[in-house]
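Take a look at the letters that make up each chain.
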Amino acid sequence: TSSTPVLSARGLVKSFGGIKAVNHAAIEVPAGSITGLIGPNGAGKTTLFNLLSNFIQPDQGQVLFDGEAIESLQPHEIAQRGMIRTFQVARVLSRLSVLENMLLAAQKQTGENFLNTWLLAGQIRKEERENRDRAMEILESVGLATKANDYAGALSGGQRKLLEIARALMTRPRLVLLDEPAAGVNPTLIQQICEYIQYWNRQGLTFLIIEHNMDVIMSLCDRVWVLAEGTNLADGSPAEIQSNSKVLEAYLGQ
Ligand code: ATP
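If you're wondering where the values come from, they're calculated on a predicted model, not measured in any experiment. (Residues numbered from 1 in each chain as written. Predicted model: local features only at pLDDT ≥ 70, side-chain atom pairs only at ≥ 80, totals over all residues. Heavy atoms only, no water.)

Participant: Sorry, what's going on with the site of the ligand here?
Facilitator: Of all residues adjacent to the ligand, which total 14 residues, the nearest are G42, K45, T46, T47 and H212. Taking K45, its side chain carries an N or O atom lying 2.7 Å from an oxygen atom of the ligand. One of the side-chain nitrogen or oxygen atoms of T47 is found 2.6 Å away from an oxygen atom of the ligand. Protein contact buries 61% of the 630 Å² of open area that the ligand shows by itself. (Near = heavy atom within 4 Å. Polar contact = N/O pair within 3.5 Å; in protein donor to acceptor, adjacent residues only side chain to side chain. Areas by Shrake-Rupley, 256 points an atom, 1.4 Å probe, with all protein chains shown as cover.)

Participant: Sorry, what's going on with the state of the cysteines here?
Facilitator: For the structure shown, the criterion picks out 0 disulfides. Here C194 is not cross-linked by a disulfide; its sulfur's nearest cysteine counterpart is in C221, at 9.2 Å. C194 gets classed as buried once you look at its relative accessible area, which sits at 8%. (Disulfide = S-S within 2.5 Å. Buried < 20%, exposed > 50% of the residue type's maximum accessible area, 1.4 Å probe, protein only.)

Participant: Even after reading the chapter, I still don't get the sheet that holds strand β9 (residues 223-228), so can you show me in this structure?
Facilitator: Whether parallel or antiparallel, the strands of a sheet pair through hydrogen bonds between backbone atoms. Ordered in space as β6-β7-β8-β3-β9-β10, the 6 strands form an open sheet in which the pairing is mixed. The outermost strands of the open sheet, each flanked by one partner alone, are β6 (83-85) and β10 (231-236). Across this sheet, the average inter-strand angle for adjacent strands is 15°, counted without regard to direction. With 4 bridges joining them, strand β3 (residues 34-38) and β9 adopt parallel strand pairing. Within β9, the residue paired with G36 across the bridge is V224. Helix-sheet contacts for helix α7 (residues 187-202) involve β3, β7 (175-179) and β8 (206-210), and the interaxial angle to β8 is about 150°. (Pairing = 2+ DSSP bridges. Helix = DSSP H or I, 4+ residues; strand = E, 2+ residues; numbered from the N terminus. Axes fitted to C-alpha atoms, helices over the stretch in contact; angles between N-to-C directions. Contact = heavy atoms within 4.5 Å.)

Participant: In this structure, what is going on with the packing of aromatic side chains? I would like to understand it.
Facilitator: By convention here, two paired aromatic rings are described through the distance between centres and the angle between planes. All chains considered together, the criterion is met by 1 aromatic pair. Ring geometry for Y196 and W200: centres 5.9 Å apart, planes at 40°, overall tilted. Of this pair, Y196 and W200 both sit in helix α7, 4 residues apart, roughly one helical turn. Summarising the burial analysis for this pair, Y196 and W200 share the class buried. Above the ring of F55, the side-chain terminus of R85 is found at 4.9 Å from the ring centroid. (Phe/Tyr/Trp six-rings, centres within 6.5 Å; stacked < 30°, edge-to-face > 60°. Lys NZ or Arg CZ within 6 Å of the ring centre and 35° of its normal.)

Participant: Whenever I open this one, helix α1 (residues 45-52) confuses me. Can you help?
Facilitator: Working note: α-helix, 3.6 residues per turn, so residues spaced by three or four point in the same direction. Of all 8 residues making up α1, 7 are buried, and the element is well covered by its neighbours. For α1, the full list of buried residues reads K45, T47, L48, F49, N50, L51 and L52. Once α1 ends, the next one or two residues include N54, with phi positive near 60°.

Participant: Would you take a moment to explain helix α6 (residues 157-169) for this structure?
Facilitator: Between its first and last C-alpha atoms α6 spans 19 Å; for 13 residues at 1.5 Å apiece the expected length is 18 Å, and the two agree. Buried residues dominate α6, accounting for 11 of its 13 residues. (Expected span 1.5 Å × (residues − 1).)

Participant: Would you mind showing me how to read the environment of T35 here?
Facilitator: Within the fold, T35 resides in strand β3. Overall, T35 belongs to the buried group, its relative accessible area being 0%. When the C-alpha atoms of T35 and R223 are compared, they prove to be 5.1 Å apart, with 188 residues separating the residues in sequence. Dropping the residues within four chain positions of it, T35 is found in contact with E28, V29, P30, F207, L208, I209, C221, R223 and W225. Side-chain polar atoms of T35 contact the side chain of S33, separated by 2.8 Å.

Participant: How should I be thinking about the pattern of salt bridges in this particular structure?
Facilitator: Opposite charge on two side chains permits pairing when their charged atoms draw close. According to the stated counting rule, one finds 5 salt bridges in the structure shown. Across the pair D66 and R174 runs a salt bridge whose closest N-O atoms are separated by 2.8 Å. Placement of D66 in the loop between β4 (60-65) and β5 (68-69) and of R174 in the loop between α6 and β7 is noted, with a sequence separation of 108 residues between them. For D66, a relative accessible area of 40% translates into the label partly exposed. Relative accessible area serves as the criterion here: at 37%, R174 is assigned to the partly exposed category. In this structure, E68 and R81 form a salt bridge, with 3.1 Å as the shortest nitrogen-oxygen distance. Of this pair, E68 sits in strand β5 while R81 sits in the loop between α2 (75-80) and β6, and the two are 13 residues apart along the sequence. The exposure class assigned to E68 is partly exposed, which follows from its relative accessible area of 43%. Accessibility expressed as a relative area gives 36% for R81, which makes it partly exposed. (Salt bridge = Lys/Arg side-chain N within 4 Å of Asp/Glu carboxyl O.)

Laid out in structure tokens, this is it:
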């Protein structure tokens, strides 16, 4: 039904040695929302992302994507079903061009060895042409089209983050998990990234966003989940979270 969240988890536990990085955490991401995940350093946000995308398996608890448990799915299978994530440090391939980075993201989804086909056969098939058109369209929409043939390594930190988000869109996701899209990005570009996220959200994409920049969280999110010491501290509208005394304390106590 429409009220089923696209992504939800409950009772998640994950320890590393003696450290309970995530300790009975829950989250819900309604379809069509921009949902925020915040918390002090070391709260377990990235670990929770890793659990939600099945990059790591929980000691306890369950993640449901479209109401289905994802524990038996590989990250690429999850991507095929429409959930994709980015990383805190953008993982673009510096020695490939911006366009090649985009095309590789599409290839991952089809499972073909696209680069070989493309480089060795020198033949651009229909699907590849479509991917290329789509890649250029997305790059155009984020102002990176003029950089399509530049090495990704030549981009600024902020542009690299943008490329990582753009690349995630190549897989035609319905749900995008963004790990700190504004970290290390200059204020002008942060503003633009926020506008792109809002634009894609209007096109029907759902977002879950980890972010330390409160302006970004407050301006983008419908609902915010707060994690502290691996567990849920609060969740609510940005305004509720901003005035929640437990949340303020957790941040001041850092
Ligand atoms: P930040 O905002 O600083 O990125 P975070 O909220 O994303 O922090 P995590 O990175 O999930 O927090 O870390 C939560 C806790 O788990 C920390 O104490 C961290 O040191 C620990 N931790 C995370 N991953 C590992 C790992 N692979 N091995 C050991 N400890 C880990």
